[in-house]
Amino acid sequence: MEKQPQRIVSDSGFEIEVVRKDEGYFHVRVSRANVIELILSAKQRCGKNILQLISVVDRIEDDIFQLTWILEDTADSSVFIVSADYPRENCSVPTFGDIWPTAVIFERELHEMYGIEFPGNPRQYEDFLLEGWKELPPMRRDFDTLEYSIRTYGERRKRIHTDPRKFIAETTGEWDTPVPMKDEDR
Amino acid sequence: MYCNKLPEIPDDRKKIWEKVDNMARANSLWVTAFGTGCGAIELRPLHTSRFDMERFGIAMRPTPRQADVLIISGYLAVKTLKRVIRVYEQIQDPKYIIALGSCTMNGGMYYDSYNTLNILDRYIPVDVYVNGCMPRPEAIIDGFSLLMKKIKEGKAEGWKNYIENLEYYRENQKKVISNWDLPDYNW
């Protein structure tokens, strides 16, 4: 079994952009049609047997979610990272729950926090951290947390600021403003 | 499985006995071992040998049934509030709440978070606030001595306030906890 995934990248019939290549670290970006094929071949041919994490970046400016799957080989701790872009509206991403059981939990969290659908994941609609959440998913960048916080929990109590000069001037009636020292007097 | 009866404030006893009781209560504050936020980490030095809170008669208890004091240590998430209500209502009367940190007073650095409460005393009655982010163990000891002073003077009556205004507190609690499935009172 070859350990480095360069071979997969050169053998594949589709376009792969290499983001960063290093000792034991390989980060590529592919189009979303080829994600499953690339990840499965990395598992079968390079021994990337652990799914460490699925992470999401909400790039609202480009109107996409950037999903990243981080795979690791437990024998030599080498890492293979696959990124792909998905549209923000009605985002639907293939599930890897039947290959790695941890993916079921990662995908449940992403569904709750970003509203991403994972068709085929049996537990994606269960509550993960939030209980009975009915609003827009809170980690999406178009969700206004301050507005929600004020609407639900009330406005925070403001701090009281007191300027000592103003306070002394009001109570004693006089305040000598200290003159800053000139440079030649120092 | 639950008792449906709502709590009642006991009849007024003779003031002299209440004073004696309060003296005893103030000198043996037992705390529920329930950390709700980051401030729970400041309680560990407090109950080990360096700051040693047992010299004031303050001890940690594993269950709310044996405790008098609930410490809300730092920010309180909505999910935790539900557990806090359960724990607080299971503590026997009289019971006291100490709230630590600026998060419990006005939201602190989490004032714009979607999941943490801004003003704690809308949901449960707080007897003593200790400010700071987070308060050092010395400050928490200071808060405890303030609570002892209030108990001895008979002014730490948050639990009576809770029973009298249960509807108000319930309304606020149900407003933020969307999947409310607790009974009328968690005996």
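Residues numbered from 1 in each chain as written. Chains lettered and ligands numbered in written order. Predicted model: local features only at pLDDT ≥ 70, side-chain atom pairs only at ≥ 80, totals over all residues. Heavy atoms only, no water.

## Digging into the side chain of A:Thr95
All names here are of chain A. Locating Thr-95 in the fold gives a position in the loop between strand E5 (79-87) and helix H3 (102-114). A polar contact of 3.0 Å, which involves the side chain of Thr-95, links it to the backbone nitrogen of Gly-97. Of note is the side chain of Thr-95, whose polar atom sits 2.6 Å from the side chain of Glu-107. Sequence-distant contacts of Thr-95, that is, excluding residues within four places in its chain, are made with Glu-107, Phe-118, Pro-119, Gly-120 and Asn-121. (Helix = DSSP H or I, 4+ residues; strand = E, 2+ residues; numbered from the N terminus. Polar contact = N/O pair within 3.5 Å; in protein donor to acceptor, adjacent residues only side chain to side chain. Contact = heavy atoms within 4.5 Å.)

## Some words on the interface of chain B and chain A
Of the residues lining the interface, 24 residues belong to chain B; the matching set on chain A comes to 22 residues. Around 1,900 Å² of area is buried between chain B and chain A when both sides are counted, 46% of it from carbon and sulfur atoms. For the chain B face of the interface with chain A, the top three residues by lost area are B:Lys79, B:Asn106 and B:Tyr114, together amounting to 35%. One can count two salt bridges joining chain B with chain A. The residue A:Glu131 makes a salt bridge to B:Arg83 at a minimum N-O spacing of 3.1 Å. Mapped onto the side of chain B that touches chain A, the elements with two or more residues apiece are helix H3 (78-90), helix H4 (102-106) and helix H7 (166-176) of chain B. No other element matches H3(B), which puts four residues into the side of chain B that touches chain A. Here the side of chain B that touches chain A is composed, by residue class, of nine nonpolar, eight polar and seven charged. (Buried area = accessible area lost by both parts, 1.4 Å probe. Salt bridge = Lys/Arg side-chain N within 4 Å of Asp/Glu carboxyl O. Nonpolar A, V, L, I, M, F, W, Y, C, P; charged D, E, K, R; others polar.)

## Regarding the sheet that holds strand E2 (residues 25-30) of chain A
All names here are of chain A. What the five strands build is an open sheet, ordered E1-E2-E5-E4-E3; its pairing is mixed. Looking at which strands have only one partner, the edges of the open sheet turn out to be strand E1 (16-22) and strand E3 (50-59). Each neighbouring strand pair of the sheet contributes to a mean axis angle of 20°, computed without reference to strand direction. Pairing analysis gives nine bridges linking strand E4 (residues 64-72) to E5, with the strands arranged antiparallel. Across the sheet, residue Leu-67 finds its bridge partner in E5, namely Ala-84. Where H3 meets the sheet, it contacts E3 and E4, and its direction lies at approximately 15° from that of E3. (Pairing = 2+ DSSP bridges. Axes fitted to C-alpha atoms, helices over the stretch in contact; angles between N-to-C directions.)

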